[in-house]
Amino acid sequence: MRAAIVGGGVIGGGWAARFLLNGWDVAVFDPDPEAERKIGEVLANARRSLPSLYDRALPAEGQLTFHADLADAVSGADWVQESVPERLDLKHKVHAAISENAGGAIVGSSTSGFKPSELNSEGANVIVAHPFNPVYLLPLIELVGDAATISRASDILRGVGLFPLHVRKEIDAHIADRFLEAVWREALWLVSDGIATTEEVDEAIRMGFGLRWAQMGLFETYRVAGGEAGMKHFMAQFGPALEWPWTKLMDVPEFTPELVDLIAGQSDAQSGDRTIRELERERDDNLVGILRALRKNGKAAGAVIAAHEAGLPEPEPGDLPITVERSIPQSWTDYNGHMNETHYLEVGAQASDRFMELIGADADYIAGGLSYFTVETHIRHLGELDAGDAVSVTTQVTGAEGKKLHLFHSIHGPNGIAATVETLLLHMDLEARRSVAPDGAVANHIENYWQAHRDMPRPQGAGRFVGER
Ligand SMILES: NC(=O)C1=CN([C@@H]2O[C@H](COP(=O)(O)OP(=O)(O)OC[C@H]3O[C@@H](n4cnc5c(N)ncnc54)[C@H](O)[C@@H]3O)[C@@H](O)[C@H]2O)C=CC1
Ligand SMILES: C[N+](C)(C)CC(=O)CC(=O)[O-]
């Protein structure tokens, strides 16, 4: 599949990364001579964060090309995403050129506020596909426009891990930006009136309600705030406040040079000497942590990631079973600039868990009172792993006798085997807390693996002890 990105700034760069890291080829048109460098930097940030959301590998990255001519970039594309600056005259000009050259591609505009009827008033056929920064991590895309095109578009966007939200009636600024503009307006007043600094406004959000919004949104959060009586009680108690002079939402503070200097000055002081790219990385690392936590509970944006991962290709079975395929999260790296030792054991444990499933010692088996315990492990660190690296683990049975199961996991990284995790497991009766032989089906599976693996070459390093020369 091929995407064309017209306008490769903050948002176009994010779209390029989202498509590329999901295996699409991406063609960019942007007259800015710095566009290639800027997109390269956005892409570097995306490469270290997006794969960390998943435990399976994303498809192989697509090919990125830059074009001096818009027609070259858009011809043959399946999807064209326009992300030029928010000026209607410019959008009209660009969409006229896209319409001439894009064939049957879906054409989306990233516009934050224009309606499809405004974009299409000169004959173009565009839907609004409004993303959120960073486009490579945040799933939401607001879709506005022709329903049949939106239905096709939604399937494509889900395929690259996005969450399409169909905005059924076109309005200025769609749904989310209506909301964001109201909050932004109120924050500007608080600073302009000298009530709070930019930092104090940000603390008020990030220390409190900002934490709630990512997982429950607004209505569900307030329902809970109504106590056992829920939303009705919440509305009865806090509804009147809406009539009180608590907000200034409809007035817009004038952007005088003084106000702009005040806000920009406070914002500079707040962020210190951290560059925008550093701030982006800090934001991305935190977003990955939040999204992975949500994913664990199957909640909100976490559910989108889980659904996307379920559609990613299953690992190819080789001679040895592949028991883990995943990428290394940034949060697993340490002060030495590589994956911390703790997580080698974690990957080894994931491989053992998967192997247990393969032999039938799965959740039902465990619920029936039988399982495996690890009783000994030896890890060898052979190479470094870094955030975003794709790793796979192969598992060889190196011994199987009654209650004992001896596994040798090899962790393969981008530069060969990065570590081995050799482990001895004992089959256990969970109620009696003592070792017993596995039941028939599991014993049979183990025997099949053992027969297949016992004549393979013994893995290098198997049976070594710490400090052995
Ligand atoms: N920045 C944000 O937070 C968000 C922006 N958007 C929307 O995305 C669109 C782009 O915004 P940003 O990426 O923030 O702007 P930006 O200023 O970072 O990037 C715009 C890019 O378009 C390029 N450009 C200018 N004229 C062009 C032309 N004729 N053909 C091709 N490229 C051209 C510029 O060189 C620049 O690289 C706007 O419609 C905006 O409303 C949507 C969501 C969030
Ligand atoms: C400020 N903004 C209106 C351009 C913001 C957006 O459109 C979405 C976002 O990423 O916040």
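Residues numbered from 1 in each chain as written. Chains lettered and ligands numbered in written order. Predicted model: local features only at pLDDT ≥ 70, side-chain atom pairs only at ≥ 80, totals over all residues. Heavy atoms only, no water.

### Details of the overall build of the protein chain
Phase 1: Secondary structure assignment for the protein chain yields 16 helices and 14 strands.
Phase 2: Overall, the C-alpha framework of the protein chain stretches about 75 × 60 × 45 Å when taken along its three principal axes.
Phase 3: The buried share of the protein chain, taken over its 469 residues, is 43%.
Phase 4: Of all intrachain contacts in the protein chain linking residues separated by at least 6 positions in sequence, the fraction that spans at least 24 positions is 68%.
Phase 5: Accessible surface for the protein chain amounts to roughly 24,600 Å². Of this, 54% is attributable to carbon and sulfur atoms.
Phase 6: The averaged location of the 68 negative side-chain charges in the protein chain is 4 Å from the averaged location of its 41 positive side-chain charges. (Helix = DSSP H or I, 4+ residues; strand = E, 2+ residues; numbered from the N terminus. Buried < 20%, exposed > 50% of the residue type's maximum accessible area, 1.4 Å probe, protein only. Contact = heavy atoms within 4.5 Å. Areas by Shrake-Rupley, 256 points an atom, 1.4 Å probe, with all protein chains shown as cover. Lys, Arg positive; Asp, Glu negative; His and termini not counted. Charge placed at Lys NZ, Arg CZ, Asp CG, Glu CD.)

### Quick word on the layout of surface pockets
Phase 1: The computed volume of the second largest pocket comes to approximately 1,100 Å³.
Phase 2: Along its surface, the second largest pocket is lined by 28 residues, and Leu-218, Tyr-222, Leu-242, Thr-247 and Leu-249 are the ones closest to its centre.
Phase 3: Secondary-structure elements contributing two or more residues to the lining of the second largest pocket are helix H7 (176-192), helix H8 (198-216), helix H9 (219-225) and helix H10 (230-238).
Phase 4: Counted by class, the lining of the second largest pocket contains 23 nonpolar, two polar and three charged residues. (1 Å grid on protein atoms, 1.4 Å probe; cavity = no way out; pocket = protein on both sides within 12 Å on 5 of 7 lines; lining within 4 Å. Points joined across faces, edges and corners; volume = space filled by probe spheres on them. Nonpolar A, V, L, I, M, F, W, Y, C, P; charged D, E, K, R; others polar.)

### What to know about the UniProt feature "binding site: NAD(+)" (unreviewed entry) in the protein chain
Phase 1: Following the UniProt record, the feature "binding site: NAD(+)" (unreviewed entry) maps to Gly-7, Gly-8, Gly-9, Val-10, Ile-11 and Gly-12 here.
Phase 2: Along the chain, Val-10 falls in helix H1 (residues 10-20).
Phase 3: Turning to its location among the elements, Gly-12 is positioned in helix H1.
Phase 4: Classification of Gly-12 as buried rests on a relative accessible area of 0%.
Phase 5: Contacts of Gly-12, omitting those with residues within four sequence positions, involve Ile-5, Gly-7 and Ser-83. (UniProt positions renumbered as here; feature names shortened; annotations may be inferred.)

### Things to note about the pairing of strand E1 (residues 2-6)
Phase 1: Among the five residues of E1, four are classified as buried, and the element is accordingly described as predominantly covered.
Phase 2: Where E1 meets strand E2 (residues 25-29), five bridges bridge the pair, whose relative direction is parallel. By the bridge assignment for E2, Ala-3 is matched with Val-26.
Phase 3: One crossover worth recording links E1 to the parallel E2 by way of H1, and it is right-handed.
Phase 4: Two strands pair when backbone bridges link them, and E1 and strand E4 (residues 79-82) are joined in this way by four bridges, in the parallel orientation. Residue pairing for E4: Ala-4 is matched across the bridge by Val-80. (Pairing = 2+ DSSP bridges. Right-handed = clockwise from strand over helix to strand, strands pointing away.)

### Here's the deal with the site of ligand 1
Phase 1: Among the 22 residues in the neighbourhood of ligand 1, the closest are listed as Ile-11, Asp-30, Glu-86, Lys-91 and Ser-112.
Phase 2: Contact distances for ligand 1 include 2.9 Å between an oxygen atom and a backbone N or O atom of Ile-11.
Phase 3: Interatomic distance of 2.6 Å between a side-chain N/O atom of Glu-86 and an oxygen atom of ligand 1.
Phase 4: Relative to its free-state accessible area of 820 Å², ligand 1 is covered by the protein chains to the extent of 74%.
Phase 5: Counting residues per element, the ones that place at least two in the shell around ligand 1 are H1 and helix H4 (88-101).
Phase 6: Here the shell around ligand 1 gets three residues from one element, more than from any other, and that element is H4.
Phase 7: Residue classes in the shell around ligand 1 are distributed as ten nonpolar, eight polar and four charged. (Near = heavy atom within 4 Å. Polar contact = N/O pair within 3.5 Å; in protein donor to acceptor, adjacent residues only side chain to side chain.)

### Some words on the UniProt feature "domain: 3-hydroxyacyl-CoA dehydrogenase NAD binding" (unreviewed entry) in the protein chain
Phase 1: UniProt's feature table lists "domain: 3-hydroxyacyl-CoA dehydrogenase NAD binding" (unreviewed entry) at residues 3-167, given in the numbering used throughout.
Phase 2: The span residues 3-167 is 38% helical and 21% strand by assignment, and the distance between its end C-alpha atoms comes to 23 Å.

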